[in-house]
Amino acid sequence: MVIPGVQLFFSYFKDLVGREVTVELKNDLAIRGTLHSVDQYLNIKLENTRVVDQDKYPHMVKPNSFFYFFPPSRLSVRNCFIRGSVVRYVQLPPEGVDVELLHDATRREARGG
């Protein structure tokens, strides 16, 4: 079962495919990458990922001495699938936020239609 309010976010995230977002997980790990896809359960697939706080999660970063051709901020996994239930926040690019569209959709949702 999909909650109706989730449909609003699902349709909004679908419009952000191909843009860079930061996903903060409930375990405090923040991963930045290009949004590849999102489904109705808000599961997220990212490409070209990197850890935001490399000092806190050094095991998630490839060592430069062996993988010299990758920038130091790259994850040891370049693409990842994130289950929607472990997501705390999704930080959107400022130019990707259409405030008026969100206000209108929220008003319609509050009215029940």
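Here is what the cut-offs are and how they apply
Residues numbered from 1 in each chain as written. Predicted model: local features only at pLDDT ≥ 70, side-chain atom pairs only at ≥ 80, totals over all residues. Heavy atoms only, no water. UniProt positions renumbered as here; feature names shortened; annotations may be inferred. Helix = DSSP H or I, 4+ residues; strand = E, 2+ residues; numbered from the N terminus. Buried < 20%, exposed > 50% of the residue type's maximum accessible area, 1.4 Å probe, protein only. Contact = heavy atoms within 4.5 Å. Pairing = 2+ DSSP bridges. Axes fitted to C-alpha atoms, helices over the stretch in contact; angles between N-to-C directions. Salt bridge = Lys/Arg side-chain N within 4 Å of Asp/Glu carboxyl O. Expected span 1.5 Å × (residues − 1).

Under an unreviewed UniProt entry, the name given to the protein is Sm-like protein LSM2, and the organism recorded is Penstemon davidsonii. Its UniProt record gives the protein the following Function (unreviewed entry) comment, quoted word for word: "Component of LSM protein complexes, which are involved in RNA processing."

Concerning the overall build of the protein
Each helix and strand counted, the protein has two helices and five strands in total. Sorting the 113 residues of the protein into buried and exposed places 32% on the buried side. The long-range fraction of contacts in the protein, counting pairs at least 24 apart against all pairs at least 6 apart in sequence, stands at 55%.

Regarding the sheet that holds strand β4 (residues 80-82)
One open sheet holds the five strands; their spatial order is β4-β3-β2-β1-β5, and the pairing between them is antiparallel. Strand pairing shows two members of the sheet lacking a second neighbour, β4 and β5 (87-91), which therefore form its edges. On average, adjacent strands in this sheet sit at an angle of 45° to one another, irrespective of strand direction. Bridging between strand β1 (residues 20-25) and strand β2 (residues 30-38) involves five bridges; their strand directions are antiparallel. Within β2, the residue paired with T22 across the bridge is R32.

Here we look at the pattern of salt bridges
As enumerated under the stated definition, the model contains four salt bridges in all. Of the charged contacts in the structure, one is a salt bridge between E20 and R50, with a shortest N-O distance of 2.8 Å. Of this pair, E20 sits in strand β1 while R50 sits in strand β3 (residues 44-51), and the two are 30 residues apart along the sequence. Between R107 and D104 there is a salt bridge, and its shortest N-O distance comes to 3.0 Å. Of this pair, R107 and D104 both sit in helix α2 (residues 99-111), three residues apart, which is roughly one turn of that helix. Owing to a relative accessible area of 44%, R107 belongs among the partly exposed residues under this scheme. Through salt bridges with shared partners, a single ionic network connects E24, D28 and R88.

Some words on α2
A rise of 1.5 Å per residue sets the reference length of α2, with its 13 residues, at 18 Å; its end C-alpha atoms lie 18 Å apart and thus fit the reference within 8%. Trailing α2 by a residue or two, G112 shows a phi angle of about 90°, which is positive.

Topic: the pairing of β2
Connecting the antiparallel pair β1 and β2 is a turn made up of four residues, with D28 showing a positive phi of about 80°. Where β2 folds back onto β3 in an antiparallel hairpin, the turn is made up of five residues, including L42, whose phi is positive at roughly 65°.

Some thoughts on the environment of G18
Here G18 shows up in the loop between α1 (4-14) and β1. Residue classification places G18 among the exposed positions, given a relative accessible area of 54%.

Overview of unusual backbone geometry
The phi dihedral of D28 is positive, around 80°, even though this residue is not glycine. With respect to the element layout, D28 can be found in the loop between β1 and β2. Here the phi dihedral of N48 falls at roughly 50°; this positive angle occurs in a residue that is not glycine. Here N48 is to be found in strand β3.

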